[in-house]
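This is what each chain is made of:
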Amino acid sequence: MTGPTTSRGRLVLALALTGAVALFLAFVPLHRHWFDLNVYYDAVGHWLRDGRIYDFTIPGADGADYGFTYPPFAALCMLPMALFTWPAAITLSLVLNVAASATLLTWLIGPIVQRHGWNKWFAFVVAACLFVLLEPVRDTFSFGQVNLLLLVLVFFDAWLLSTGRGRFAGCGIGLAAAIKLTPAIFIGYLLITRRWRAAATATGTAAAATLLALAVAPGASRVYWTEALWDTDRIGVLSYVSNQSWEGVLARLVDPVPPSGVVWALGVLAVLAVWAHRVRRAVAVGDERAGFALTGVAACLISPITWVHHLVWLIPALAVLADSGLRPDAPPARRRLLLRVGALVYVLLCSSVVWLWRFDSTGVDGFLGSNTYVWICLGLLIALPLRGARSATMLGQEPYPARIP
C-alpha cells in the first residue's frame, strides 16, 4: 500500500479521509430511514399484542406492502427489541452493524495487511472508509438490515475451518439459515467440499433452531411454513430495480407479465452448475476463501429476491479480487488488470447506478443498466481468480505460492 511514510502523514490523511466519508454519509442520497428495522420492530410488537406476526404489513416506496418475511426463529431472535424504544432500537442496530463490519474487516483484510507488512491501523482506517461507501453496506445500515450479522455468522465457520478448528464449524451457517433461508446454500458448499461433519452440524443447528421456534410459537410457525413462505407478493415487486437477482432480470424483461418459472429454474440450475464447478476447482487448489466467496455470489443470483442491500454477500469476493491483484508473484500486467477490474467493480457497487432506471428499464440501455449488479455477480461467479494449493486459505496467513496456478 503506497501512502504517507510518517505517522503524522498517515494521521492527517486518515482524518481527512474519515471526515470526507462522514460528510458524504451525512448527506448520502437514498437514505432508507431504517425502513426494514421499522418492519421488524412493529411486527414484533404486533406479534406480542395480537399473537400474529405474518399479517402485519407496512407500505413501501415501490407501492408494495411489506411484512415480516423471515422464519419464526428470526422473530424469536428479534423479540428483545420490544424492550427498547424506537430510538434505542436504531442505536442497537447501528452498534451491531458496526461490530459486524469491524469483525468482517478483521477476518477479510487482516491477513492481507499482515502479509504485505502495511501499517495496521492506517490500513484498517482506509479499508473501513472504502467499506462503508459500498451501496449494499450503506443500505444495510440505513435500512436497519441484518445482512452483515448473517455474514459474520457464516464467516465464523469459515474462520474455524481455515484455522484448524473445523470440528466446531457449522453452527454459524446453521443459525444464519434458520434466521434467513438464503444462507442455506453454504450447507451445499460444505457438502461439495466433503465437510460432512460441518454440514451435519449446520443442518442440525438449523433444524434445532426451527424446532425451537415451532415449540415456542407453533401458530407463527404453521403460518410461515404453510402460507407466508409461498406468498411471493409479500416479499416485494419482483421487477423493482432493487431486485438484482436472476429473477429480477426476467421480471424486468417481461413486466407487467409474471416471469416464467421454468426459465427462472433453468437459469438457477445453470448458475448452480457453474458454482459447483468453480467451487470444486477452488477446493482442488486449496482456495477456501474463494470457495466461500463464490457461494455468496451464487446466493445473490439464485435467490428470487436480492435487494441491493443483500449484495453484502459480494464483499468477500471483492476481498479475493483485491488480494489477487496485489500478489507480488503475479506478472505485472495481470496485477494491473485485476486491480483495474476490482476498482471498476468497487466503483459500480458504490455508484447506485441501477437507480437511473428505477422508473423505466426498457430498451437496451435499461436491460444493461438496470441489471448492472447482476452482471457483476455473473462476472465474479465465472472469473473470480483462484489461488494455488500452497496459498493462504480464506482467513489464513500462509505465504503466496511460488508461481501462478
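The shown structure was predicted, so the numbers you read here are calculated from the model rather than taken from an experiment.

What follows is about the overall build of the protein. Of the regular secondary structure elements, the protein holds 18 helices and 2 strands. C-alpha atoms of the protein, sized along the principal axes, occupy 60 × 50 × 50 Å. For the protein, the proportion of its 405 residues judged to be buried stands at 51%. Relative to all contacts within the protein whose residues are 6 or more apart in sequence, the contacts with residues 24 or more apart total 73%. Surface summary for the protein: the accessible area is close to 18200 Å², and the carbon and sulfur share equals 69%.

Each pair of aromatic rings is reported with the distance of its centres and the angle of its planes. Under the defined criterion, the tally for this structure stands at 19 aromatic pairs. Plain terms: the ring middles of Tyr66 and Trp307 are 6.5 Å apart, the flat faces sit at 65° to each other, and that makes the pair edge-to-face. Of the two residues, Tyr66 is situated in strand E2 (residues 65-67) and Trp307 in the loop between helix H14 (288-302) and helix H15 (315-325); the sequence distance between them amounts to 241 residues. This pair shows no difference in class: Tyr66 is buried, exactly as Trp307 is. An aromatic cluster of three or more residues is present, and its members are Tyr40, Tyr54, Phe68, Tyr70, Tyr224 and Trp225.

For Thr372, the position within the fold is in helix H18 (residues 372-383). Look past the residues within four positions of Thr372 in its chain and what remains in contact with it is Gln244, Leu348, Val353 and Val354. Within the structure, the side chain of Thr372 is placed 2.6 Å from the backbone oxygen of Gly369, a separation counted as a polar contact.

On to the side chain of Thr306, then. Following the sequence through the fold, Thr306 ends up in the loop between H14 and H15. Other than its neighbours up to four places away in sequence, Thr306 contacts Ser242, Asn243, Gln244, Ser245, Ala299, Cys300 and Leu311.

With that out of the way, let us pick up helix H1 (residues 7-26). Taking 1.5 Å of rise per residue, the 20 residues of H1 would be expected to cover 28 Å, and the 28 Å separating its terminal C-alpha atoms lies within 8% of that figure. Among the structural elements, helix H5 (120-133) are those in contact with the buried residues of H1.

Another point: the packing of helix H7 (residues 147-162) against helix H8 (residues 171-179). Contact pair H7 / H8: the axes reach a minimum separation of 6 Å and the direction vectors enclose 150°. As judged from the angle between their axes, H7 and H8 are roughly antiparallel. The interaxial crossing formed by H7 with H8 has left-handed handedness. Contacts from Leu150, Leu153, Val154 and Asp157 of H7 reach H8 at Cys171, Gly172, Ile173, Leu175, Ala176 and Ile179.

All chains considered together, the criterion is met by 6 salt bridges. Salt-bridge contacts for Asp323 lead to Arg289; the nearest nitrogen and oxygen are separated by 2.7 Å. With Asp323 in helix H15 and Arg289 in helix H14, the pair connects residues that are 34 residues apart, well separated along the chain. In this structure Arg289 comes out as buried when scored by relative accessible area, which is 5%.

Cut-off values and rules
Residues numbered from 1 in each chain as written. Predicted model: local features only at pLDDT ≥ 70, side-chain atom pairs only at ≥ 80, totals over all residues. Heavy atoms only, no water. Helix = DSSP H or I, 4+ residues; strand = E, 2+ residues; numbered from the N terminus. Buried < 20%, exposed > 50% of the residue type's maximum accessible area, 1.4 Å probe, protein only. Contact = heavy atoms within 4.5 Å. Areas by Shrake-Rupley, 256 points an atom, 1.4 Å probe, with all protein chains shown as cover. Phe/Tyr/Trp six-rings, centres within 6.5 Å; stacked < 30°, edge-to-face > 60°. Polar contact = N/O pair within 3.5 Å; in protein donor to acceptor, adjacent residues only side chain to side chain. Expected span 1.5 Å × (residues − 1). Axes fitted to C-alpha atoms, helices over the stretch in contact; angles between N-to-C directions. Parallel < 35°, antiparallel > 145°, perpendicular 65-115°, else oblique. Left-handed = near helix turned anticlockwise from the far one by under 90°. Salt bridge = Lys/Arg side-chain N within 4 Å of Asp/Glu carboxyl O.

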